[in-house]
Amino acid sequence: MRLTVVPDEGEAEALCGLLRSEGIECFYRDTDVSAAGIFGGSTFGGWREVLVGEDDLEQARKLLPDQLL
């Protein structure tokens, strides 16, 4: 399940590190071009979507930094 979309791989890796430290498995991947436009970014940027298992989604949302909510 998609947890959030972040602007680059570094931010995705940092967020996954936080989630993993709390026992939540996650991974990230390139996102579709349309998602970048939602956040006012360039559609040519390195946007990544961070994904977690459905059972972990609620707990993972509680750990998101405020600016990613």
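For the structure, see preceding data.
Residues numbered from 1 in each chain as written. Predicted model: local features only at pLDDT ≥ 70, side-chain atom pairs only at ≥ 80, totals over all residues. Heavy atoms only, no water.

A. Spotlight on the overall build of the protein. If you tally the helices and strands in the protein, you get three helices and three strands. Going from N to C terminus, the protein has its helices and strands arranged as β-α-β-α-β-α. Here the protein, with 69 residues, has 35% of them falling under the buried criterion. Long-range pairs, those at least 24 residues apart, make up 64% of the contacts in the protein between residues at least 6 apart in sequence. Entry remark: accessible area of the protein is about 4,400 Å², with carbon and sulfur atoms responsible for 50%. (Helix = DSSP H or I, 4+ residues; strand = E, 2+ residues; numbered from the N terminus. Buried < 20%, exposed > 50% of the residue type's maximum accessible area, 1.4 Å probe, protein only. Contact = heavy atoms within 4.5 Å. Areas by Shrake-Rupley, 256 points an atom, 1.4 Å probe, with all protein chains shown as cover.)

B. Broad picture of the nonpolar core. If you look at the biggest cluster of nonpolar residues, it comprises 14 residues, and the most contacted ones within it are Leu3, Leu15, Leu19, Val50, Val52 and Ala60. Breaking this core down by element, the ones donating at least two residues are strand E1 (2-6), helix H1 (9-21), strand E2 (26-30), strand E3 (48-52) and helix H3 (57-63). Per-element accounting of this core gives the leading share, four residues, to H1. Beyond its immediate stretch of four places on either side in the chain, Val50 contacts Met1, Arg2, Leu3, Thr4, Val6, Ala12, Leu15, Cys16, Leu19, Phe27 and Tyr28. (Core = buried A, V, L, I, M, F, W, Y, C linked by side-chain atoms within 4.5 Å.)

C. Highlighting the pattern of salt bridges. Using the criterion set out here, one finds six salt bridges in the structure. In this structure, the salt-bridge partner of Glu9 is Arg48, at a minimum N-O distance of 3.6 Å. Residue Glu9 is found in helix H1, and its partner Arg48 is found in strand E3; the two are separated by 39 residues along the sequence. Owing to a relative accessible area of 42%, Glu9 belongs among the partly exposed residues under this scheme. You can call Arg48 buried: its relative accessible area is 14%. (Salt bridge = Lys/Arg side-chain N within 4 Å of Asp/Glu carboxyl O.)

D. Focus on H1. For H1, with 13 residues, the first-to-last C-alpha span of 18 Å sits near the 18 Å given by 1.5 Å per residue. Considered for burial, the residues of H1 that qualify are Ala12, Leu15, Cys16 and Leu19. One face of H1 carries all of its buried residues, which in axial projection span an arc of 100°. For H1, exposure combined with an orientation more than 90 degrees from the buried face picks out Ala14 and Ser21. (Expected span 1.5 Å × (residues − 1). Arc of directions from axis to C-beta.)

E. A look at the environment of Pro65. By the element assignment, Pro65 lies in the segment after H3. With a relative accessible area of 29%, Pro65 lands in the partly exposed category. Placed 50 residues apart in sequence, Pro65 and Leu15 show a C-alpha to C-alpha distance of 8.9 Å.

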